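Reading the structure
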Amino acid sequence: MIDHARPNAASPGGRLIVLTGPTAVGKGTVEAELRRRHPQVWVSVSATTRRPRPGEVNGTNYWFMNDEEFAEKERAGEFLETAVVHNMAHYGTPLQPVLEHLRAGVPTILEIDLQGAHRVKQKAPAMGLDVVYVFIAPPSYDELVRRLIGRGTENEEQRRKRLDTAKIELASEDEFDVTIVNTTVPQAADDLWAVIAREYGLH
Ligand code: 5GP
């Protein structure tokens, strides 16, 4: 783990954890392992216009909605940030639940793409949000391609788009406070917990 995070100066409830990493790096698996071990962690449920994958549940994995519903919520200012990801679908973080969990002192994670992390970076100071930016990296680019092909949820065209985005995201690692290399899920979950425990004063 490479950790450049500055000491926690302000935020009484602890800092918002923004987690970013390329497609198929295993963010979801690491988060699931983290929450299995530490159920007190809350991961924000994003809104998206993409179709649910088999097994995905509305309100658990995402809030699935159509373009009109998404646009309406965006106009109403209900999102902390939004982005079009992989040139395919809209994604957005509902603002109110994030603020409520932070105010209650609950360790709060956003799992969002690089564009979303940039938007949060622009907006956070004016909103009084204290944020730590965490990048989940693969052990290598080749391993990332293997994981993407291995999970088998995308066709060739979708994989190509995701790998295009991944190259941009991998080049942005230096912008983040902390880098966690996801070599194994238990180790990456340990590293992520170490960041949260420090930011929220937990043990
Ligand atoms: P997937 O479609 O595989 O679930 O997610 C695709 C990408 O969208 C991932 O990189 C994920 O981090 C990102 N993503 C998920 N929710 C949000 C969100 O609310 N905002 C942004 N900006 N990206 C998101």
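Residues numbered from 1 in each chain as written. Predicted model: local features only at pLDDT ≥ 70, side-chain atom pairs only at ≥ 80, totals over all residues. Heavy atoms only, no water.

1. So, the pattern of salt bridges
If you walk through the whole model with that rule in mind, you get 19 salt bridges. Between D190 and R37 there is a salt bridge, with the nearest N and O atoms lying 2.5 Å from each other. Residue D190 is located in helix α7 (residues 185-200), and its partner R37 is located in helix α1 (residues 27-37); the two are separated by 153 residues in the primary sequence. The partly exposed category is assigned to D190, whose relative accessible area is 43%. The salt bridge involving R50 is made with E56; its shortest N-O contact spans 2.8 Å. A single salt-bridge network, built from bridges that share partners, covers R50, R53, E56, R151, E154 and R162. (Salt bridge = Lys/Arg side-chain N within 4 Å of Asp/Glu carboxyl O. Helix = DSSP H or I, 4+ residues; strand = E, 2+ residues; numbered from the N terminus. Buried < 20%, exposed > 50% of the residue type's maximum accessible area, 1.4 Å probe, protein only.)

2. A word on helix α2 (residues 67-75)
The N-cap residue of α2 is N66: its side-chain oxygen and the backbone nitrogen of E68 are 3.2 Å apart. Residue G77 follows α2 closely and has a positive phi angle near 75 degrees. (Polar contact = N/O pair within 3.5 Å; in protein donor to acceptor, adjacent residues only side chain to side chain.)

3. Quick look at the packing of α1 against α7
Where α1 contacts α7, the axes come no closer than 9 Å and their chain directions differ by 65 degrees. Both α1 and α7 take part in a crossing whose hand is right-handed. In contact with T29, V30, E33, L34 and R37 of α1, α7 contributes V185, P186, A188, A189, D190, L192, W193 and I196. Among the residues forming the contact of α1 with α7, the class breakdown is 9 nonpolar, 1 polar and 3 charged. (Axes fitted to C-alpha atoms, helices over the stretch in contact; angles between N-to-C directions. Left-handed = near helix turned anticlockwise from the far one by under 90°. Contact = heavy atoms within 4.5 Å. Nonpolar A, V, L, I, M, F, W, Y, C, P; charged D, E, K, R; others polar.)

4. Some thoughts on the pairing of strand β7 (residues 89-94)
Of all 6 residues making up β7, 5 are buried, and the element is well covered by its neighbours. Direction of pairing for strand β4 (residues 47-48) relative to β7: antiparallel, over a ladder of 2 bridges. Each bridged residue has a counterpart across the sheet, and for A47 the counterpart in β7 is G92. Taken together, the 6 bridges between strand β6 (residues 79-85) and β7 define a ladder with antiparallel strand orientation. Bridge pairing in β7 places E81 opposite T93. Remark: 3 residues form the turn of the hairpin made by β6 and β7, two consecutive strands paired antiparallel; H86 in that turn has positive phi of roughly 55 degrees. (Pairing = 2+ DSSP bridges.)

5. Examining the site of the ligand
If you check the shell around the ligand, you find 17 residues, and the closest are S46, R50, Y62, Y91 and E111. Here an oxygen atom of the ligand sits 3.2 Å away from a polar atom, N or O, in the side chain of R162. Burial of the ligand by the protein amounts to 94% of the accessible area it has alone, namely 510 Å². For the shell around the ligand, a count of residues per class yields 5 nonpolar, 5 polar and 7 charged. (Near = heavy atom within 4 Å. Areas by Shrake-Rupley, 256 points an atom, 1.4 Å probe, with all protein chains shown as cover.)

6. Things to note about the side chain of R159
With respect to the secondary-structure elements, R159 resides in helix α6 (residues 156-170). The class of R159 is buried, set by a relative accessible area of 18%. Filtering out sequence-adjacent residues up to four positions away, R159 remains in contact with L148, I149 and E154.

7. A look at empty space enclosed by the protein
The method is simple in principle: a probe with the dimensions of a water molecule rolls over the atoms, and the space it marks as empty is what remains. Per the counting criterion, the structure on display carries 1 cavity of 30 Å³ or more. In this structure, the largest cavity encloses a volume near 30 Å³. Surrounding the largest cavity, L114, A117, H118, K121, Y133, E175 and F176 form its lining. The element contributing the most residues to the lining of the largest cavity is helix α4 (residues 114-127), with 4 residues. Its residues assigned to classes, the lining of the largest cavity comprises 4 nonpolar, 1 polar and 2 charged. (1 Å grid on protein atoms, 1.4 Å probe; cavity = no way out; pocket = protein on both sides within 12 Å on 5 of 7 lines; lining within 4 Å. Points joined across faces, edges and corners; volume = space filled by probe spheres on them.)

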